[in-house]
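Survey of secondary and tertiary structure
Listed below are the residues making up each chain.
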Amino acid sequence: MKKIIDEICKGYAPYEFIIQKALDLHKNNNSITFRELIDLLNSNGIYDYATERGVSCAIREIFRRSVIAYRDYDKVGNFDKKDKADMVCEAVAFAYTRNNGDIAWC
């Protein structure tokens, strides 16, 4: 999974943090609000996404990169990596909710 995350994030630590947290939340069938994610990022020294809009843009970019990775692996028939990229997509899409309760990807 680490290799897939590295491929999606291209070394950008905030994206890696967001993905790891999403995977942990998804594994436990939990979610957190954007405000909670922003506070988590800030407490870990990541100040790039201090607004709901900023977090939304980051999640959208992570999701976009994950979908591209998923499609690339599908083309070459690498189903293990395809499943892992799909897992990242699913975790990121459902682990975070907007402050009004809607899932992040809506």
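Everything quoted here is computed from the prediction, not taken from an experiment.

For the rest of this paragraph, the subject is the overall build of the protein chain. Of regular secondary structure, the protein chain possesses five helices and two strands. Each helix and strand of the protein chain, ordered N terminal to C terminal, gives the series α-α-β-α-α-α-β. Its C-alpha atoms give the protein chain a radius of gyration of 13 Å, near enough to 13 Å, the size a compact globule of 106 residues would have. Each of the three principal axes of the protein chain carries a C-alpha extent, and together these read 40 × 25 × 20 Å. The buried share of the protein chain, reckoned over its 106 residues, is 40%. Total accessible area computed for the protein chain in this model is approximately 6,000 Å², and 50% of it derives from carbon and sulfur atoms. Here the protein chain carries 16 positive and 16 negative side-chain charges, and the mean point of each set is 4 Å from the other.

Following the criterion strictly, the structure yields six salt bridges and no others. The salt bridge partner of Arg 35 is Asp 39, with a shortest N-O separation of 3.3 Å. Separated by four residues within a single helix, Arg 35 and Asp 39 lie in helix H3 (residues 34–43), roughly one turn from each other. Using a relative accessible area of 38% as the deciding quantity, one classes Arg 35 as partly exposed. Among the salt bridges present, the one from Asp 74 reaches Lys 82, with a minimum N-O distance of 3.0 Å.

Here we come to the side chain of Glu 16. Mapped onto the elements of the fold, Glu 16 is located in helix H2 (residues 13–27). Notably, Glu 16 is buried but unbridged: the nearest opposite-charge side chain belongs to Lys 2, and the N-O separation is 4.4 Å. In this view, Glu 16 contacts Lys 2, Ile 5, Asp 6, Cys 9 and Gly 11; residues no more than four positions away in its chain are not counted.

What follows deals with the packing of aromatic side chains. Within this structure, the stated rule accounts for two aromatic pairs. When the ring of Tyr 12 is compared with that of Tyr 15, the centres are 4.7 Å apart and the planes differ by 85°; the resulting orientation is edge-to-face. Overall, the relative accessible area of 10% leaves Tyr 15 in the buried class. Taken together, a centroid distance of 6.5 Å and an interplanar angle of 25° make the contact between Tyr 15 and Tyr 49 stacked. Of this pair, Tyr 15 sits in helix H2 while Tyr 49 sits in the loop between H3 and helix H4 (52–76), placing them 34 residues apart in sequence. Summarising the burial analysis for this pair, Tyr 15 and Tyr 49 share the class buried. Each residue in the set Tyr 12, Tyr 15 and Tyr 49 is aromatic and connected to the rest through ring pairs, giving one cluster.

What follows covers the environment of Tyr 47. Take Tyr 47: it is sitting in the loop between H3 and H4. Here Tyr 47 falls in the exposed class, since its relative accessible area comes to 57%. A sequence separation of 46 residues divides Tyr 47 from Met 1, and the C-alpha atoms of the two residues are 26 Å apart.

Procedures and definitions
Residues numbered from 1 in each chain as written. Predicted model: local features only at pLDDT ≥ 70, side-chain atom pairs only at ≥ 80, totals over all residues. Heavy atoms only, no water. Helix = DSSP H or I, 4+ residues; strand = E, 2+ residues; numbered from the N terminus. Rg over C-alpha atoms; globule rule 2.2 N^0.38 Å. Buried < 20%, exposed > 50% of the residue type's maximum accessible area, 1.4 Å probe, protein only. Areas by Shrake-Rupley, 256 points an atom, 1.4 Å probe, with all protein chains shown as cover. Lys, Arg positive; Asp, Glu negative; His and termini not counted. Charge placed at Lys NZ, Arg CZ, Asp CG, Glu CD. Salt bridge = Lys/Arg side-chain N within 4 Å of Asp/Glu carboxyl O. Contact = heavy atoms within 4.5 Å. Phe/Tyr/Trp six-rings, centres within 6.5 Å; stacked < 30°, edge-to-face > 60°.

By themselves, these are just geometric observations and shouldn't be taken as functional.
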